[in-house]
Amino acid sequence: MSRAQPGTRRGLRDTSVSTLLLAASVLALLRPIPLHAQETELRGEVSESAILADQQRKARQLGMASSQDQQAQANATPQDDAPADTYQPASPGAVPDDTNATGATSIFDQPAATDDTSADDAAPVKPRRLSAARQRAADQDKTKDAKTKAADKKKAKKTTDATADAAATDDNATTDADQGTANRRAVTVDSADTQKLDPGAERTGSIEGQDKKPEDDPFAATGIKVGSFLIRPTLEQGLTSSSNADSSSGGTPALLSETALRFSAASDWRENSALINGYGIFRKTISGDEVSDAQGRIEGTLNVDLDDELRAIAKLGYEAVPESASSPDAIAGVSSQPLRQTVNGSLGIEKDVGKMRYALTGAVTHDFYGDAKLSDGTSMSQKDRDSTLYTATLRAGYEISPALIPFTEVEVGRRDYDLRFDSNGFERSSTRFGARAGLELDMGDKLSGEFSAGWLREAIDDNNLEAISGPTVNADLKWSPERGTSIGLTGQTTIEDTTNAAQSGDILYSGRLTGERQIRANLTANAALGVDWRDYVGIDGHDQVLSAESSLTWWLNRYAGLTTRVRTEKLTSNLPGRDYTANSIFLGVKVQR
């Protein structure tokens, strides 16, 4: 027995060593199992709902952390020796967040580190083995997750977009609160004017479908735009049948071709204004008494505002008209009467001082005549008839109301002949003086214009010739009793000079009553009545001229129409060889632009 005990102890010792070595080997083999399990057995699929919930939670954490930081900064008292504040980026997420700020964890957080310093990486906590009941519940959850996996993927895109927008909104709000106006988005220039659409507002119809406002005069000339002027030309061409072609005491019938061109040009300047009017009439005999003449006139008016209540008005005109066969200065026995040309201009200044109205106007008129052609082919000079008239007129008025302004007017002037003595040896130059009183009316489109009465005298330098003097009546009124109807009244007193032997001249009183009626939009009627009275000075003589005229224009369209005109004129005189009667009818075409 005693010999067997040492062997037995040796065997037990060997068995113990083998057991320790085996245990150490097993421990060495079991040590990398958790690391290998972490590599091979991943944490499993994470559902989209969990990811979205984690994102929303992090956004709330950032907002709470930012609010706490702002509150802490506001309550803190700055110290000169205090350490600098920890850098806080303008945009959240620029640096890692402090995980110790809150106790909440995320499914994406790294596992906690272990105390094992020999491990290369932190070893995760080994999950606890579930019981059989819990294992069955977990299997059921996995089956349910597998069924809802497809639905989660379909909803992921829409939900992700909506959640991302909400998260971005919360993030932007947090950032704006932290930064103030540092990185605020710039607004557009017209953002203040942009109005939100009212979803309940009714839809507006298209412009093309709306009813257009009818034009006041759909057949009025549209005009031609040339620079800053709008020009409206009118051309009238037709035939005239007259019982007295040249309106003389011995005139005969004739058929004439008549062409009339008229135009007006108005400026569209902002402050000042300019207006140009002109006409030209050409007549040529087709059959009957030989007549071939042309006449025309052009006149321009410029209005300039110099200063407050101070205005300047300038006028300039030119006229060329052959001497009428019924004129007191007509030459008998000639093939054609001389051509009278007139150049006139004026400059006026108007000033308003309170209710007082002042105006000073200077005017110059120069008349010059061509030679008269005699029946034998020779010519007769008319140089002794050339003259220039200079006048200055001062007007003062008082504004009773904007519609009524009574005024008084004083005129002085001088008429100078180019030749001191005429062909009969008389000195024809003269001095003029006149005074008038009148009333200016301005009632808008209803009634406007002025009328005056006074006395005018023109004393001739030659003592052998009597001075020309007499009462004067002047008027220029426009009245519109109703829409589409216009009535005008004009009156004028003119001193006509002459070079006839032993005659000083005459005073001519002229009056015209005109009416215009728009019967339809494309049908216009016109009528005129005229009376002239000529009183000779130096001889016992007078002339009376009565005239009447009516016309009708039918517009085919805005640019062309048909027109007709009927006229009658009769002169009665107590001087021999001056009476005549002339009747005429015109039919033609009128075009305008």
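Scoring rules and cut-offs
- Residues numbered from 1 in each chain as written.
- Predicted model: local features only at pLDDT ≥ 70, side-chain atom pairs only at ≥ 80, totals over all residues.
- Heavy atoms only, no water.
- Patch = residues over 30% accessible without salt bridge, like charges linked within 9 Å, V, L, I, M, F, W, Y side chains within 5 Å.
- Areas by Shrake-Rupley, 256 points an atom, 1.4 Å probe, with all protein chains shown as cover.
- Salt bridge = Lys/Arg side-chain N within 4 Å of Asp/Glu carboxyl O.
- Helix = DSSP H or I, 4+ residues; strand = E, 2+ residues; numbered from the N terminus.
- Buried < 20%, exposed > 50% of the residue type's maximum accessible area, 1.4 Å probe, protein only.
- Pairing = 2+ DSSP bridges.
- pLDDT = per-residue confidence, 0-100.
- Contact = heavy atoms within 4.5 Å.
- Core = buried A, V, L, I, M, F, W, Y, C linked by side-chain atoms within 4.5 Å.

**Student:** Hey, could you run me through a nonpolar patch on the surface in this one?
**Tutor:** A cluster of nonpolar side chains, Leu-235, Leu-261, Trp-554, Leu-556, Leu-562, Val-589 and Val-591, forms an exposed patch at the surface whose accessible area comes to about 600 Å². Tracing the backbone through its elements, the reader meets Trp-554 in strand β20 (residues 542-555).

**Student:** What should I look at first to understand the pattern of salt bridges in this one?
**Tutor:** Opposite charge on two side chains lets them pair, provided their charged atoms get close. A complete count under the given rule lists 33 salt bridges for this structure. In this structure, Asp-352 and Arg-311 form a salt bridge, with 3.5 Å as the shortest nitrogen-oxygen distance. Taken as a pair, Asp-352 in strand β8 (residues 339-353) and Arg-311 in strand β6 (residues 310-322) lie far apart in primary sequence, 41 residues in all. By relative accessible area, which is 13% here, Asp-352 ends up buried. Overall, the relative accessible area of 25% leaves Arg-311 in the partly exposed class. A salt bridge links Asp-352 to Arg-357; the nearest nitrogen and oxygen atoms lie 3.6 Å apart. Among the charged side chains, a network of salt bridges with common partners joins Arg-395, Glu-409, Glu-411, Arg-415, Arg-432, Arg-436, Glu-450 and Glu-458.

**Student:** Teacher, can you tell me more about the sheet that holds strand β11 (residues 379-380) here?
**Tutor:** Hydrogen bonds between backbone groups are what pair the strands of a sheet, and the pairing can be parallel or antiparallel. Reading across the sheet, the three strands line up as β7-β10-β11 and stay open at both edges, with antiparallel pairing between neighbours. Each of the sheet's edge strands pairs with one partner strand only, and the pair in question is β7 (334-336) and β11. The pairing of β7 with strand β10 (residues 372-374) spans two bridges and is classified as antiparallel. Looking across to β10, one finds that Ser-336 is bridged to Lys-373.

**Student:** What am I meant to see in the confidence of the model for the protein chain here?
**Tutor:** For residues with low pLDDT, the predicted coordinates do not support detailed interpretation. Scored by pLDDT, the protein chain comes out at a mean of 80, with 69% of its residues at no less than 70. Segment residues 166-175: pLDDT under 50, and six contacts once partners within four positions in sequence are set aside and those in other chains are kept.

**Student:** What is the right way to read the nonpolar core from this model?
**Tutor:** As a rule of thumb, nonpolar side chains are buried together in soluble globular proteins. Listed in full, the five residues of the largest apolar core are Leu-456, Ile-468, Ile-495, Ile-507 and Val-537. Setting aside residues no more than four positions away along its own chain, Ile-495 makes contact with Arg-415, Arg-432, Leu-456, Glu-458, Ile-468, Asp-506 and Ile-507.

**Student:** Just checking my understanding: could you explain unusual backbone geometry for this structure?
**Tutor:** What you tend to see is this: most non-glycine residues have negative phi, and most peptide bonds are trans. Positioned with a positive phi, Ser-247 is a non-glycine residue whose angle comes to about 50°. Along the polypeptide, Ser-247 turns up in the loop between β2 (229-242) and β3 (254-267). Phi is positive for Ala-502, close to 65°, though the residue is something other than glycine. With respect to the helices, strands and loops of the structure, Ala-502 is situated in the loop between β17 (485-497) and β18 (505-520).

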